Amino acid sequence: MDVGIRIDGLRKVYTSPPPAAPMARGGPMGGQRLFKRPEKKKIEIVALDGMSLEVQPGEIFGLLGPNGAGKSTTVGILTTRVKPTAGAAWIGGHEVWRERVAVKRMIGVVPQKPNLDFALTAREILTYHAAYFGIPPAERLGRAADLLDRFKLGDRADQMVHGFSGGMMQRLSIARALMHAPQVLFLDEPSTGLDPQTRLLLWELIRDFNRDGHTVLLTTHNMEEADALCDRLAIVDHGRVIATGTPQDLKRSVPGGFVVRLAFDRVTDGLRAALAAIPGVTELQTPPDGGVDLYADQGGTLIPHIVSAAAAAGATIHDIHISEPSLENLFLHHTGRRLRE
Amino acid sequence: MNLAAFIAMLGRDGRVARRNFLPLLLQNLVQPMLFVFIFGRVMTTSGMMPEAYKSLLLPGIIAMSMLLSGLQAVAFPMIADFQFTREIEDRLLAPMAIEWVAIEKVVAGAIQALIAGGVVIPTAILILGSGVQISFAQPVELVALALLVATLAAAIGLTLGCSLGQQQIGIMFSLIIGPMIFFGCTYYPLSALASFPILQTLVLLNPFVYASEGFRSALVPQFPHLSGPAVFAGLIGFNALFLFVGLQQFRKKAIG
């Protein structure tokens with residue numbers, strides 16, 4: 001039976017820094033809100049703020065968003081590792097937090113940071129994992145050998161994993177997640193830190209798993225990955241879903257498709273009006289950093305018009321950046337921020 | 001509970017322990033054996049300590065070795081797992097309630113403590129030389145004691161391992177384990193504190209006391225020791241306390 005995922009109004013508030021990915025990556029808690037209650041001096045970090053979405057059985061679904069958007073927390077809740085503050089999630093017919101053991105049988109999890117058992121060899125990591133799921137000895141040895149082969153780890157199978165490269169560890173993590181033949185696979189930022197060749201291999205492995213009708217949910221802040229791999233996407237920011245759809249639909253939803261980011265020494269109303277009147281410009285936004293974003297159906301051909309509009313308004317152009325239709329622009333359109341900001 | 005998963009995890013811990021058998025043994029036993037040699041052999045042979053001290057010291061050394069090895073077998077991997085390697089996540093995702101992962105760790109730690117005890121007894125007797133007067137006349141009591149001390153060691157390890165971070169390991173030894181050993185009636189019987197009545201009462205809050213005095217009552221009953229019922233009540237009570245607190249702390253660490 002194919003299994004889907006449903007998330008309804010999930011909310012997660014951490015009262016201490018979350019143990020998972022965001023802090024470990026060394027970056028700021030970008031996008032997360034900090035409420036400080038002076039009377040209690042208690043930190044509250046709202047990681048999820050009413051997240052709802054539905055993943056159809058057999059889909060490759062991507063959660064796309066910047067660091068701190070709530071992607072890892074969502075995966076944490078769906079994989080029983082994080083307790084939601086409010087709301088609920090279902091995998092198949094099982095409510096995740098209430099029926100944790102049943103859910104754990106159905107899911108395979110590939111974490112953002114490798115958490116392989118360093119005291120074991122690659123083969124043992126796979127066979128012990130299968131043993132936890134009650135798979136009989138002969139069968140687990142067969143499956144392990146098969147997966148080690150498919151994931152090109154056969155020649156290192158009986159070595160301890162601490163000498164493995166990042167790519168090898170990531171492949172072994174996926175192999176481990178597949179050992180008990182799960183119906184849903186979760187991958188948190190699967191291609192972070194991988195070389196392009198390994199990334200392609202990884203995508204192939206994910207597609208193979210999906211071809212058998214299994215559901216995949218992955219998180220990424222890589223537009224290319226979301227575009228290449230996902231049937232549908234949810235764009236996530238500040239712990240909420242801000243748009244969902246196929247990559248094509250989402251890209252089409254950006255007015256015009258092209259984005260021309262402009263920076264001026266000063267932006268006047270007259271300048272804005274002149275820019276908005278340029279033929280081909282469908283929408284004008286003023287992002288918080290002070291420039292102007294033009295959404296248009298063309299790119300470079302607008303530049304002469306922009307230059308004359310600026311000259312007429314007495315403004316000096318500091319920077320022009322043209323981007324073609326992409327998910328990156330879509331994110332920018334919805335949030336006013338670039339993904340990697 | 002999922003017996004297959006539980007046994008597989010015990011198998012995993014057994015495999016890892018076998019792989020590190022020698023370093024583990026040295027880590028746990030070198031220090032107690034040095035104590036046995038200096039205090040039990042050198043000091044008694046030189047006449048600075050009476051010969052009877054050998055028999056008094058041995059039960060304390062058994063208790064300390066078991067407690068330290070069981071405690072470290074659980075606490076160290078827990079601290080590393082939750083703070084850096086996150087290795088334990090794979091087991092937390094196994095199809096059973098996560099509390100059983102902690103209980104499995106306690107059982108594995110207790111087995112290591114029992115093995116440590118089994119190695120210490122003959123080694124220490126060998127080092128002490130002639131003049132050790134211990135009796136194995138109460139085998140049932142001895143086995144029951146050994147089991148309770150072993151699980152206590154692992155339960156304390158669970159509590160510390162889920163409450164402390166890597167930076168606090170040094171503090172754990174100097175402020176927690178050190179005092180527990182020295183105020184644990186390891187090197188002297190409880191009756192030796194008779195001239196310090198307040199201290200004699202206070203040390204009863206130390207679980208190590210029940211382990212050392214327990215082995216004294218089972219192995220060298222000729223010396224004064226805490227009564228059998230008091231020993232068992234203390235061990236069972238502290239087992240329950242540390243298991244309860246350890247599981248609470250484990251849940252806090254394991255669930256985000």
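Residues numbered from 1 in each chain as written. Chains lettered and ligands numbered in written order. Predicted model: local features only at pLDDT ≥ 70, side-chain atom pairs only at ≥ 80, totals over all residues.

Asker: Which residues make up the overall build of chain A, and what values go with them?
Answerer: When its secondary structure is counted, chain A shows 12 helices and 15 strands. With respect to the three principal axes, the spread of C-alpha positions in chain A is 80 × 50 × 40 Å. Every one of the 341 residues in chain A was classed for burial, and the buried ones make up 44%. In chain A, 74% of the contacts between residues at least 6 apart in sequence involve partners at least 24 apart. (Helix = DSSP H or I, 4+ residues; strand = E, 2+ residues; numbered from the N terminus. Buried ≥ 20, exposed ≤ 12 C-beta atoms within 10 Å, placed from the backbone. Contact = placed C-beta atoms within 7 Å.)

Asker: Can you tell me about the environment of A:Met160, naming the residues and giving the values?
Answerer: Residues and elements named next belong to chain A. Of note, Met160 is situated in the loop between helix H5 (137–150) and helix H6 (166–178). A tally of 17 C-beta atoms within 10 Å means that Met160 is categorised as partly exposed. Residues Met160 and Asp49 lie 111 residues apart in sequence; the distance between their C-alpha atoms is 42 Å. Setting aside residues no more than four positions away along its own chain, Met160 makes contact with Phe118 and Thr121.

Asker: Which residues make up the sheet that holds strand S12 (residues 258–264) of chain A, and what values go with them?
Answerer: Residue and element names in this part refer to chain A. In spatial order, the strands read S13-S14-S12-S15; together these 4 strands make up an open sheet with antiparallel pairing. The open sheet is flanked by strand S13 (281–285) and strand S15 (317–323), the only strands paired with a single partner. This sheet shows a mean twist of 20 degrees between the axes of neighbouring strands, independent of strand direction. Inspection of the sheet shows S13 paired to strand S14 (residues 292–296) by 4 bridges, in the antiparallel sense. Residue pairing across strands places Gln285 opposite Asp293, the latter belonging to S14. (Pairing = 2+ DSSP bridges. Axes fitted to C-alpha atoms, helices over the stretch in contact; angles between N-to-C directions.)

Asker: Tell me what's going on with the confidence of the model for chain B, and back it up with residues and numbers.
Answerer: Residues at a pLDDT of 70 or more form 100% of chain B, whose mean pLDDT is 93. Complex prediction metrics read pTM 0.84 and ipTM 0.89. (pLDDT = per-residue confidence, 0-100.)

Asker: I'd like a description of the interface of chain A and chain B, backed by residues and values.
Answerer: Listed as interface residues are 25 residues of chain A and, on the opposing side, 21 residues of chain B. Among the secondary structure elements, those contributing two or more residues to the side of chain A that touches chain B are helix H3 (100–106) and helix H4 (122–132) of chain A. Ranked by residue count, the leading element in the side of chain A that touches chain B is H4(A), at 4 residues. Classifying every residue of the side of chain A that touches chain B by side-chain character gives 13 nonpolar, 5 polar and 7 charged. (Nonpolar A, V, L, I, M, F, W, Y, C, P; charged D, E, K, R; others polar.)

Asker: Requested: an account of the pairing of strand S1 (residues 5–14) of chain A, with residues and values cited.
Answerer: Residue and element names in this part refer to chain A. Bridging between S1 and strand S5 (residues 86–91) involves 5 bridges; their strand directions are antiparallel. Bridging from a neighbouring strand, Ile5 pairs with Ile91 of S5. As judged from the 8 bridges shared by S1 and strand S3 (residues 42–55), these two strands associate in the antiparallel manner. Bridge pairing links Tyr14 to Ile45 in S3.

Asker: Help me get a handle on the sheet that holds strand S7 (residues 107–110) of chain A, residues and values and all.
Answerer: What holds strands together in a sheet is hydrogen bonding between their backbones, with the strands either parallel or antiparallel. All names here are of chain A. An order of S7-S8-S9-S4-S10-S11 is seen for the 6 strands of this open sheet, with the pairing classed as mixed. Strands at the two margins of the open sheet, each flanked by one partner only, are S7 and strand S11 (240–245). Recorded for the sheet is a direction-independent mean angle of 15 degrees between the axes of neighbouring strands. Bridge count for strand S10 (residues 232–237) against S11 is 5 bridges, and the pairing is antiparallel. In the strand pairing of S11, Leu233 is matched with Gly245. The sheet strands contacting helix H2 (residues 71–78) are strand S4 (60–64), strand S8 (184–188), strand S9 (215–220) and S10, and the helix crosses S8 at an angle near 150 degrees. Running at roughly 170 degrees to S7, H6 makes contact with S7 and S8 of the sheet.

Asker: Can you explain helix H3 (residues 53–85) of chain B? Please cite residues and give values.
Answerer: Residues and elements named next belong to chain B. For H3, with 33 residues, the first-to-last C-alpha span of 45 Å sits near the 48 Å given by 1.5 Å per residue. Roughly 25 degrees is the biggest bend found in H3, and it falls at Gln72. The buried fraction of H3 amounts to 27 of the 33 residues, a majority that puts the element mostly inside the structure. Once H3 finishes, Arg86 follows within two positions and takes phi at roughly 55 degrees, a positive value. (Expected span 1.5 Å × (residues − 1). Bend = angle between axes of the 7 residues up to and from the residue.)

Asker: Requested: an account of the packing of helix H2 (residues 21–45) of chain B against H3(B), with residues and values cited.
Answerer: Relative placement of two packed helices is described by the angle separating their axes and the distance separating the axes. Residue and element names in this part refer to chain B. H3 packs onto H2 with a crossing angle of 170 degrees between their chain directions and a minimal axis gap of 9 Å. Accordingly, the angle class assigned to the pair H2 and H3 is roughly antiparallel. Contact residues: H2 offers Asn28, Leu29, Pro32, Phe35, Val36, Phe39, Gly40 and Thr44, while H3 offers Tyr53, Lys54, Leu57, Ile61, Met64, Ser65, Leu68, Ser69 and Gln72. Of the residues in the contact of H2 with H3, the class split is 10 nonpolar, 6 polar and 1 charged. (Parallel < 35°, antiparallel > 145°, perpendicular 65-115°, else oblique.)

Asker: Can you explain the environment of A:Ile91? Please cite residues and give values.
Answerer: Residue and element names in this part refer to chain A. Within the secondary structure, Ile91 sits in strand S5. Judged by the 27 C-beta atoms lying within 10 Å of it, Ile91 falls in the buried class. Sequence separation of Ile91 and Ala313 is 222 residues, and the distance between their C-alpha atoms is 57 Å. In this structure Ile91 touches Val3, Ile5, Leu78, Val96, Val103, Met106, Ile107 and Val184, once residues within four positions along its chain are discounted.

Asker: Can you lay out the nonpolar core for me, pointing to particular residues and giving the numbers?
Answerer: Counting residues in hydrophobic clusters, the biggest one holds 170 residues, and the most contacted among them are A:Phe186, B:Leu67, B:Val149, B:Leu152, B:Ala153 and B:Ala154. Residues lining this core come from more than one domain, with at least three contributed by each of domain 1 (5–116 + 164–251) and domain 2 (255–324) of chain A. Residue contacts for A:Phe186: discarding those within four places in its chain leaves A:Val75, A:Leu78, A:Thr79, A:Ile107, A:Val109, A:Val110 and A:Leu217. (Core = buried A, V, L, I, M, F, W, Y, C linked by C-beta atoms within 7 Å. Domains from an automatic or database assignment.)

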